[in-house]
Structures are given as structure tokens and as C-alpha cells.
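Single-letter residue listing:
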Amino acid sequence: ALVVALLLGLTADTAIRGAFGTLDLSMAPGLAPQITTIALTAAHLTLLAQMSRTPVEVPGAVTPPTSAYAIGPALVLQTLLLQNLAQYTVLIGWSPPAVFAWTLAANLMAIWLTLELARRGKPARWIVFVAVACVCASVTPDPPMALAAFAALIGPAALALLRMSALAAGRRSEHGWTVLTLGWLTLPLLLFGWYAHYEVRVPVPQAIIPLAAATLVSAPALLLRPSDRSEPAAVSLAPVFLALLLLLLPLYQALGWRSVPPPEPLFPLRVMTYNIHQGVDHVGLPDLEGIARVIEADQAQIVALQEVPRGWLVNGAVDALSWLAQRLQMHAAWGPAADPFWGNAILSRYPLLDVQNTAMPNNDALIFDRAFLSVTVETTDQRIQVVATHLHHIQREPQHRLPQVRALRDQIDWSLPTILLGDLNAELRHRELGLLARSERIHSVGVLPTYPAARPRRQLDHIFVSDHFLVAEVTAIASTASDHRPLAATLLPSGDIE
């Protein structure tokens, strides 16, 4: 019953996130999230009131088995990987509605398997070994697309089986609640260890975190014998029918999924670079809708985004790129940097071809990896190369930005019509940006402060163009939807481009 309850809770949470495009209810605009929040709160209070009126008779001291600590590490895997719609959208490469349906189907299979094993009694030993193998496949770092799809489908069921085995293994003792509490503490500790890798040099690889969680979950099932033979139990199919109803949500999402409208004429071309601060405004509150409104009001045709999260738990596991692309009705290209789920992106009113993401040459010297994303924007009669990037962020370390700027100067073909947009974390007067500013065929669109957003004093965000373009206008848009102001420019063709 406990395993089924946990699965139903996780499935419902995934369903709510998927229904709102992975946007947390507190971040989602419109009336629907408010109604959903009120309904969930009312249901929760009703259940609490009902429980308070129901007498509970406890025949004796009830203590969990010592192996119940595995519930905590299992939730690490569930929240970090197996219920993370945004991350699987990146890894599998499917559309968000397809990933949403696939994940809910996986949860449905996990609920059915749990009930079926409860009906039959103790699972066979070989099934436990298969479950361990499936969980190991689920925690593979940056897996191939086929393996990611397999892990998303089979992982929840395998993890549910291991949770059942853990609860059936080990002996109950007076220390059961203490061990269970310590198991729950692994949830914040392991997640902290995962994200600490982006701030400091940790002596162990990041991939150790999910592997450690998988080991803690698997150990009781592999090493301990059940305390007593589990007898077949009568089960209710109500959880299965409830999960089946939730499958209607991705169908509804797919039916409402909108395609990008035909693009407008190319020139005058409005371009923008925007560090979206992981969807958080200048005081630390989530505001992806505010970011979308800024881009929408400016009517930019090509937008480079930095600090784009796609499944980071510290940002509510939101898929910021998919949400913004659907909200703004724009084509999207993704360029991972720090890991497969955080980096740069490009939104465009025009189709995007030849998408290439290039790691910076000095990433071995950095804690936070950097990259630059290049695409070809295709119009009816013209192709333009657009590059988006985000350079090393520590101001007092220009030596780390110098090789990054050299890569932008030397690895980009500036003989083509080219636009470079990004948060370069330096000003034009600094020597690293001088490598671009002094180039004959590369020009900055202008100097306007962009950071901090409330009272900008420095220009960290820049637009550089090849000499195929003329600059008609440049604007640092007054907005605090992020900690940076977006920088936008209107471009016209020079004599070298039609």
C-alpha cells in the first residue's frame, strides 16, 4: 500500500507538471493553475478531516524494517531522473506531449506491476536482479536516445519493485524509525551533492550521486532475505483506473499543441540576446511569463537565450526552452553547456538548420563548462549564421574568457552573414572583447548597460555582427524579469547582402 501510494503521488505530481508544460503552478499564468491549486488544497483538507474522524486501532508497536531507509534514495532517483519530463525531453528528443504520455504510461505500468506482485506474493529472485539491472540502466549519465527511452519506460516499475523488496527485507527493531529518518535525509544530501558540482570542485564524479542512490535502493533487495514469506493479498484496481484517466492529459496537450506560424519578411531584422537567469527575476522570484512578455512585446525575430534550465530541480524541473518556444510560437535550437540540461538556446521565427553545439576549448580549467551554439537561419532567399554563447562568469578571471573569445573569432566563419549574441561577461573596453572589436569584419552594435537589470551600470550582454549588416537601432530593454536587461538591435542589409 505504501509503494502504491508513493507511486500515485509521484504520478499525480508528474501529471500536473506535464499539464502545465512542466511549469510550476506558482509560475504558470492564467486562471487554470489557480483553480487547480484551490482544488488540490480542498482535496487535501478534505482527506485530513476524514482521517481525523476515522478511529485507528494499532494492535501493537508498529515500526518499519531497518531496510525501509531505501525509500529516501528511491525518491532521489524519482525526482532527479525518472519523473523529470524536461530532462527526458532533452535526452529522448521527442516532443513534450510524447514524453509526457510515455512517462505517465511508465508510471501506470509501475502501479500495475506493484499491485500484481502484491496479489501474487513475494517476487521471484530473478525478477529482483532484472529490476536492479533496469535501475542501473536508468542512472546512466547522458545515455543514447534509445537507452533513455527505455529507462524512462522501465525505470519507475523497476524502482517500485525494489522498494517493495526493501520493505519486505530486514527485521523490525526499535531503531527502525531512526534508520527510516536517516534514509529520508539522503534526499536533500544527495541532491545537494549533485548540484554542488556546479559551484565547487568535488573530488568524486557527479555520476556517483545517482549510482549511490541506486546502490542504496538495491542493497536490501539483493543482500537481505524477506523477514517472512509474503502472502498473496487482495488488491484494488482503483489506482490503475485513476492512472489511466491521467493519460488523457497528454492527449489533451497534444491536441492543443500549436505549430509555428509562417515567418514574416527578413528585413528589417530584429535580434535579441537575453540572459534569462534560469527563469528567475532580479529579486529571485520565478517569472518565465514575464520573460516571454518582454520578448513578445519587442517582436524580436531571433532571440539568443542564456542560463536556460531544462529539468534542474533547483528551478522547479521546468523545461524553460520548450515552454518559451510554445508560448511564443517560435522554432527552437538547444545548446547544452554545464550539462545536458542547462545552457544556451536560440528562438527564431524562421526555420533553423545545421544546428551545432561546440564546447569551449578551456572547459577542463573550469568548474562550469561553457559552449557556443551555432545555427543557420533559413528564409526564402537568404541564410544567416547565428551564434549564441555565454562566457565564463567570474569578472576577475579574464584569462579564462580569452581562449573562449579566440574560439568565437577563429572557429566561426565570419565571411558568411553572421550574428553573434550572448552574455560575454565583459565590457568592450576589456582586452578579451578587444579580440572581436578589433577584427576588420566584426562590429559591435553599440554600448548600452545591461547589468544589473534594476539599475544597469555595465554592459555584459553583447551583439556582434559581420560587415554584411548595418545597425538601424539598438535598445537595452527596461525589464526586471531577469537579473540582466535584454539587448536588442534592428539590422539592415549592407551592400554585401541582399
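Residues numbered from 1 in each chain as written. Predicted model: local features only at pLDDT ≥ 70, side-chain atom pairs only at ≥ 80, totals over all residues. Heavy atoms only, no water.

Draft legend 1. Region of the structure containing helix α7 (residues 145-168). Taking 1.5 Å per residue as the helical rise, α7 with its 24 residues ought to reach 34 Å, and the 35 Å between its terminal C-alpha atoms agrees with that figure. Of all the bends in α7, the greatest, near 40°, is centred on Ile154, and the proline Pro156 appears no more than four residues after it. Just beyond α7, the residue with positive phi is Gly170, at close to 80°. (Helix = DSSP H or I, 4+ residues; strand = E, 2+ residues; numbered from the N terminus. Expected span 1.5 Å × (residues − 1). Bend = angle between axes of the 7 residues up to and from the residue.)

Draft legend 2. Representation of the packing of aromatic side chains in the model. This structure, assessed with the given rule, holds eight aromatic pairs. For the pair Trp94 and Trp102, a centre-to-centre distance of 5.2 Å together with 90° between the ring planes defines the contact as edge-to-face. Trp102 sits in the partly exposed class, given a relative accessible area of 28%. A centroid spacing of 4.6 Å and a plane angle of 40° characterise the contact between Tyr198 and Trp312, whose relative ring orientation is tilted. Of this pair, Tyr198 sits in the loop between α8 (176-196) and α9 (208-223) while Trp312 sits in the loop between β2 (302-309) and α13 (320-328), and the two are 114 residues apart along the sequence. An aromatic cluster of three or more residues is present, and its members are Tyr195, Tyr198, Trp312, Trp342 and Phe368. Its end group placed over the ring of Trp334, Arg310 keeps NZ or CZ at 5.1 Å from the ring centre. (Phe/Tyr/Trp six-rings, centres within 6.5 Å; stacked < 30°, edge-to-face > 60°. Buried < 20%, exposed > 50% of the residue type's maximum accessible area, 1.4 Å probe, protein only. Lys NZ or Arg CZ within 6 Å of the ring centre and 35° of its normal.)

Draft legend 3. Layout of the sheet that holds strand β10 (residues 461-466). An order of β5-β6-β7-β8-β10-β9 is seen for the six strands of this open sheet, with the pairing classed as mixed. Here the strands that pair on one side only, and so sit at the sheet edges, are β5 (352-359) and β9 (442-444). Between one strand axis and the next, the sheet turns through 20° on average, direction left out of account. Helix-sheet contacts for helix α14 (residues 398-411) involve β5, β6 (371-378), β7 (383-390) and β8 (418-423), and the interaxial angle to β6 is about 30°. (Pairing = 2+ DSSP bridges. Axes fitted to C-alpha atoms, helices over the stretch in contact; angles between N-to-C directions. Contact = heavy atoms within 4.5 Å.)

Draft legend 4. Just the pattern of salt bridges, in detail. Summed over the entire model, instances satisfying the criterion amount to 13 salt bridges. One salt bridge connects Arg17 with Asp13, and the closest N-O pair in it is separated by 3.5 Å. Highlighted residues: Arg17 and Asp13, both in helix α1 (residues 2-19), separated by four residues, approximately one helical turn. By relative accessible area, which is 39% here, Asp13 ends up partly exposed. Two residues, Arg293 and Glu289, come together in a salt bridge whose shortest N-O distance is 2.9 Å. Of the two residues, Arg293 and Glu289 both sit in helix α12 (residues 288-298), four residues apart, roughly one turn of that helix. Salt bridges linked by common partners bring Glu289, Arg293, Glu296 and Arg327 together as one network. (Salt bridge = Lys/Arg side-chain N within 4 Å of Asp/Glu carboxyl O.)

Draft legend 5. Representation of the packing of helix α4 (residues 85-92) against α7 within the structure. Between α4 and α7, the least distance of the axes is 8 Å, while the angle of their chain directions is 150°. When the axes of α4 and α7 are compared, the pair comes out roughly antiparallel. For the pair α4 and α7, the contacting residues are Tyr88, Leu91 and Ile92 in the first and Met145, Ala148, Ala149, Ala151 and Ala152 in the second. Residues of the contact of α4 with α7, tallied by class, amount to eight nonpolar, no polar and no charged. (Parallel < 35°, antiparallel > 145°, perpendicular 65-115°, else oblique. Nonpolar A, V, L, I, M, F, W, Y, C, P; charged D, E, K, R; others polar.)

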